[in-house]
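Structural overview
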Amino acid sequence: MSTPALRGPVRVTVRLHRTALWIVGALALAGIAAVIATQLWTASATDTFAGTGCSVAHTTRGCGITVRDFLDVELRSYRLLRYAGVVMMLLPALVGVFVAGPLIARELENGTFRLSWTQGVPPAHWLAARLVVPAAATVAGVSVLSAVFAWARSRAGSTDYPLDVYERDVYGAMGTVPVGYTLCMLALGALAGLLLRRTFPAMIATVVAYGPLTLILNRVREYLWPTVRSTEDSWSGHDTSWAVDSGTLTAAGKPLDPTVCGGSGEPAACKGAVSYVDHHPLSHFWPLQLVETGILLALAALAVALAFRVLRGLHA
């Protein structure tokens with residue numbers, strides 16, 4: 001990797017870790033190629049299947065093997081996207097581990113950081129270089145991966161194995177959330193490296209921090225934007241909405257225990273009672289994404305601020 005346009009600690013960081021950057025870039029390109037190739041293969045199989053005159057919904061005599069082979073193709077594409085979604089959700093943790101261990105803690109553990117600080121590179125610039133390089137690389141890479149995943153998911157929506165946009169491994173692989181998680185874990189990794197100053201403990205601490213972060217945000221995600229309330233009769237978004245709560249309301253709009261209704265002794269409140277569903281329609285995808293991304297960026301900014309404070313303590 002040639003870096004003639006880079007100067008100072010940024011150039012040093014790129015040169016020291018150029019092999020890792022090349023490997024990560026190659027793996028990302030391989031993943032993108034696999035997803036695109038699979039979707040094109042599935043599209044070709046769909047066109048071929050359409051020309052056979054067979055139908056999945058109404059299989060006729062002589063179409064059994066053709067339908068089975070076609071569904072196998074769609075199932076393989078579905079599974080690949082599932083695996084890609086899981087990888088996208090694990091990617092922020094891997095970025096944080098790389099920053100915490102090889103990029104920061106190892107230099108502090110080996111004492112090589114002192115060479116940089118004695119060569120006219122201020123500690124703040126030293127740390128900034130170790131954050132800017134992976135941040136720029138991962139933001140660009142994760143954005144492309146997220147866009148490719150979203151494109152592939154949209155094409156899968158017309159198959160017999162669609163991916164719901166609000167499923168965790170799908171939602172977490174699209175939009176701005178993957179970038180937010182990546183930057184947040186990058187900052188937490190830097191903070192862990194500076195606090196622990198040992199490679200392996202810093203890497204473990206970063207992985208451990210990722211678990212509660214994702215669990216908490218997944219748990220509160222439904223509350224990040226107001227839900228829409230619809231009666232079950234009028235709710236038509238079963239396939240695209242995210243239902244988060246349901247119940248029964250009286251005619252006056254008050255909550256009602258549905259178990260008291262029915263039979264000869266039901267209370268008067270049951271008359272005119274309706275069932276409801278609180279849900280996030282598809283139009284809430286971007287508001288939810290942007291709010292969650294904002295939370296992640298705020299956590300990242302806090303971690304970076306703490307990291308520079310710890311660095312000043314080390315330099316003193």
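The rules behind these values
Residues numbered from 1 in each chain as written. Predicted model: local features only at pLDDT ≥ 70, side-chain atom pairs only at ≥ 80, totals over all residues. Heavy atoms only, no water. Helix = DSSP H or I, 4+ residues; strand = E, 2+ residues; numbered from the N terminus. Expected span 1.5 Å × (residues − 1). Buried < 20%, exposed > 50% of the residue type's maximum accessible area, 1.4 Å probe, protein only. Arc of directions from axis to C-beta. Disulfide = S-S within 2.5 Å. pLDDT = per-residue confidence, 0-100. Contact = heavy atoms within 4.5 Å. 1 Å grid on protein atoms, 1.4 Å probe; cavity = no way out; pocket = protein on both sides within 12 Å on 5 of 7 lines; lining within 4 Å. Points joined across faces, edges and corners; volume = space filled by probe spheres on them. Nonpolar A, V, L, I, M, F, W, Y, C, P; charged D, E, K, R; others polar. Pairing = 2+ DSSP bridges. Phe/Tyr/Trp six-rings, centres within 6.5 Å; stacked < 30°, edge-to-face > 60°. Lys NZ or Arg CZ within 6 Å of the ring centre and 35° of its normal.

**Structural notes on helix α7 (residues 177-196)**
An α-helix turns once per 3.6 residues; consequently, residues spaced three or four apart project the same way. For α7, spanning 20 residues, the distance from its first C-alpha to its last is 28 Å, which sits close to the expected 28 Å at 1.5 Å a residue. Burial runs high along α7: 16 of the 20 residues are buried. Remark: Arg 197 follows α7 within two positions and exhibits a positive phi of approximately 60°.

**Focus: helix α8 (residues 199-220)**
The end-to-end C-alpha separation of α8 is 32 Å, in line with the 32 Å expected for 22 residues at 1.5 Å each. Turning to α8, its buried residues are Thr 199, Ala 202, Thr 206, Tyr 210, Leu 213, Thr 214, Leu 217 and Asn 218. Down the axis of α8, the buried side of the element spans an arc of 120°, and every buried residue falls inside it. In α8, the exposed positions that point more than 90 degrees away from the buried face belong to Phe 200, Val 208, Leu 215, Ile 216 and Arg 219.

**Some points on the state of the cysteines**
As used here, a disulfide is simply a covalent bond connecting the sulfur atoms of two cysteines. In the structure shown here, the tally under the stated rule is one disulfide. In this model Cys 54 forms its disulfide with Cys 63; the gap between the sulfur atoms is 2.1 Å. Judged by the torsion about the S-S bond (-75°), the Cys 54/Cys 63 disulfide is left-handed. Of the two residues examined, Cys 54 and Cys 63, each falls in the buried class.

**Some thoughts on the confidence of the model for the protein**
Taken over all residues, the pLDDT of the protein has a mean of 84, while the share at 70 or more is 86%. Confidence drops under pLDDT 50 across residues 1-6; counting only partners more than four residues distant or on other chains, this segment forms nine contacts.

**Focus: empty space enclosed by the protein**
Inspection of the entire model under this criterion finds three cavities of 30 Å³ or more. By volume, the largest cavity is sized at about 70 Å³. Lining the largest cavity we find Met 88, Met 89, Pro 92, Arg 168, Gly 172, Pro 178, Tyr 181, Tyr 210, Thr 214, Asn 218 and Arg 221. Contributing elements (two or more residues each) for the lining of the largest cavity: α3 (64-110), α7 and α8. Among the residues making up the lining of the largest cavity, the classes are represented as six nonpolar, three polar and two charged. Size it by volume and the second largest cavity reaches roughly 50 Å³. The biggest single contributor to the lining of the second largest cavity is α3, with four residues. Of the residues assigned to the lining of the second largest cavity, the class counts are four nonpolar, four polar and one charged.

**Section: the pairing of strand β2 (residues 242-249)**
Inspection of the sheet shows β2 paired to strand β4 (residues 274-280) by seven bridges, in the antiparallel sense. Note on β4: the bridge partner recorded for Asp 245 is Asp 278. In this structure, β2 lies alongside strand β3 (residues 255-256), joined through two bridges in antiparallel fashion. Bridge assignment links Leu 249 to a residue of β3, and that residue is Pro 255. Linkage of β2 to β3, two consecutive antiparallel strands, is achieved through a turn of five residues, within which Gly 253 is found at a positive phi near 90°.

**Quick look at the packing of aromatic side chains**
The tally for this structure, following the rule as stated, stands at seven aromatic pairs. Arranged with centres 5.6 Å apart and planes meeting at 35°, the rings of Tyr 166 and Trp 242 form a pair that is tilted. A residue pair is termed long-range when its members are at least 10 positions apart, and Tyr 166 in the loop between α5 (123-156) and α6 (168-171) and Trp 242 in strand β2 qualify at 76 residues. Their ring planes at 80° and their centres at 5.5 Å tell us that Tyr 171 and Phe 285 sit as a pair that is edge-to-face. Taken as a pair, Tyr 171 in helix α6 and Phe 285 in helix α9 (residues 285-315) lie far apart in primary sequence, 114 residues in all. In this pair, the class of Tyr 171 matches that of Phe 285, namely buried. Put simply, the rings of Tyr 166, Tyr 171, Trp 242, Phe 285 and Trp 286 touch in pairs and so form one group of aromatic residues. Here Arg 229 stacks its cationic end above the ring of Tyr 276, 4.0 Å away from the centre of that ring.

**Notes on the side chain of Thr 38**
Turning to its location among the elements, Thr 38 is positioned in helix α2 (residues 18-50). Given the relative accessible area of 13%, Thr 38 is considered buried. With residues up to four places along the chain from it excluded, the contact list for Thr 38 reads Ser 77 and Leu 80.

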